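So the chains spell out like this:
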Amino acid sequence: KLLTLCAGLQSLTVLDCKQIAPAVLTELSRQNNTSLRSLDLSACSEITDCFLDALSQGCPSLTELNLSHSHRLSGRAVLALATRCRCLLALDLTDCAQISSAQVGLIAKQTPSLRALKVQHCRALGDEALQVLATSCRAMVSLRASCCPSITDAGLSAVARGCSLLNDLDVSSC
């Protein structure tokens with residue numbers, strides 16, 4: 001009901017809301033909400049692949065999405081979202097353990113306008129993802145990939161060559 005009453009809502013934060021999240025998420029995924037640009041669903045344990053698939057259909061104009069600490073999400077669902085929400089400029093997948101390097105690479109190919117990506121603690125992320133980011137997302141200004149042990153000098157070199165606008169890079173503990 002909240003989203004129906006606030007039809008022009010452009011930004012919504014549902015951070016770590018264990019009680020409110022299920023109802024809001026269900027409503028959000030059922031609407032065709034073209035005004036919503038920024039959505040923060042970090043640490044919402046109710047987020048599933050089915051919800052994310054519905055969200056990508058209901059909110060195609062998203063430019064910023066935070067899904068950090070969404071442990072139930074698979075890379076398949078995030079890729080479906082990137083395929084439908086091609087306006088994404090900022091994506092936070094911090095601590096989404098099921099996200100792979102290949103999936104991040106496919107996301108990069110689907111959203112070439114991506115300017116900020118957070119993939120900290122995505123342990124399956126490696127050089128393959130960084131190499132695709134470097135060729136697909138040349139407007140990238142911020143990349144946070146700390147605690148990704150499979151990242152090596154090869155991936156960082158690709159980013160340095162391909163992302164000349166980069167001004168924020170965190171690869172600590174890699």
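So, here's what we can say about the structure. Every chain's residues receive numbers from 1 upward, in the order its sequence appears when written. Totals for whole chains, interfaces and linings use every residue, but because this is a predicted model, local features are given only for residues with pLDDT of at least 70 and side-chain atom pairs only at 80 or more, for both listing and counting. In computing side-chain values, all of the structure's heavy atoms are included and hydrogens and water are not.

Before going further, it helps to examine the overall build of the chain. Secondary structure elements are defined from DSSP: runs of H or I of at least 4 residues count as helices, runs of E of at least 2 residues count as strands, and each element is numbered from the N terminus. Per the secondary structure count, the chain includes seven helices and seven strands. Beginning at the N terminus, the succession of helices and strands in the chain can be written as α-β-α-β-α-β-α-β-α-β-α-β-α-β. Partly exposed describes any residue whose relative accessible area lies between the buried limit of under 20% and the exposed limit of over 50%, with all areas from a 1.4 Å probe on protein chains only and scaled to the type maximum. Of all 174 residues assigned to the chain, the portion counted as buried reaches 51%. Contact between two residues is taken to exist if any of their heavy atoms lie within 4.5 Å; hydrogens are not considered. The contacts in the chain between residues at least 6 apart in sequence include a share of 79% that link residues at least 24 apart. Accessible surface, the chain: about 7,800 Å² in total, of which carbon and sulfur atoms supply 53%. Using a 1.4 Å probe, accessible areas were evaluated by the Shrake-Rupley method; residue-level cover was limited to the displayed protein chains.

What follows concerns the packing of helix H3 (residues 49-58) against helix H4 (residues 75-84). Helix axes are fitted to C-alpha atoms over the stretch in contact, other axes to C-alpha atoms as well, and angles between N-to-C directions run from 0 to 180 degrees. Closest axis-to-axis distance for the H3/H4 pair is 9 Å, and the angle between their directions is 0 degrees. As far as their axial angle goes, H4 and H3 are roughly parallel. Contacts between H3 and H4 involve Asp49, Leu52, Asp53, Leu55, Ser56 and Gln57 from the former and Arg76, Ala77, Val78, Ala80, Leu81 and Arg84 from the latter. For the contact of H3 with H4, the residue count by class is six nonpolar, two polar and four charged. Every angle not falling under 35 degrees, over 145, or within 65 to 115 is termed oblique; those three ranges are roughly parallel, roughly antiparallel and roughly perpendicular. Residue polarity follows a fixed list, in which Ala, Val, Leu, Ile, Met, Phe, Trp, Tyr, Cys and Pro are nonpolar, Asp, Glu, Lys and Arg are charged, and the others, Gly among them, are polar.

The term salt bridge refers to a side-chain nitrogen of Lys or Arg lying within 4 Å of a carboxyl oxygen of Asp or Glu. Scanning the entire structure with this criterion turns up four salt bridges. Ionic pairing is found between aspartate 49 and arginine 76, a salt bridge with its closest N-O pair at 3.7 Å. Of the two residues, aspartate 49 sits in helix H3 while arginine 76 sits in helix H4, which places them 27 residues apart along the sequence. By relative accessible area, aspartate 49 is classed as buried at 17%. Accessibility expressed as a relative area gives 49% for arginine 76, which makes it partly exposed. What emerges from the salt-bridge pattern is a single network uniting Arg144, Asp168 and Asp170.

Further remarks concern helix H7 (residues 153-162). Among the residues of H7, Gly155, Ala158, Val159 and Gly162 are the ones counted as buried. Take H7 and look down its axis: the buried residues cluster within an arc of 100 degrees, on one side only. With respect to the buried face of H7, the exposed residues turned more than 90 degrees away are Asp153, Ala160 and Arg161. The inward-facing, buried residues of H7 contact helix H6 (127-136) and strand E6 (142-144). Comment: arc refers to directions from the helix axis out to C-beta atoms.

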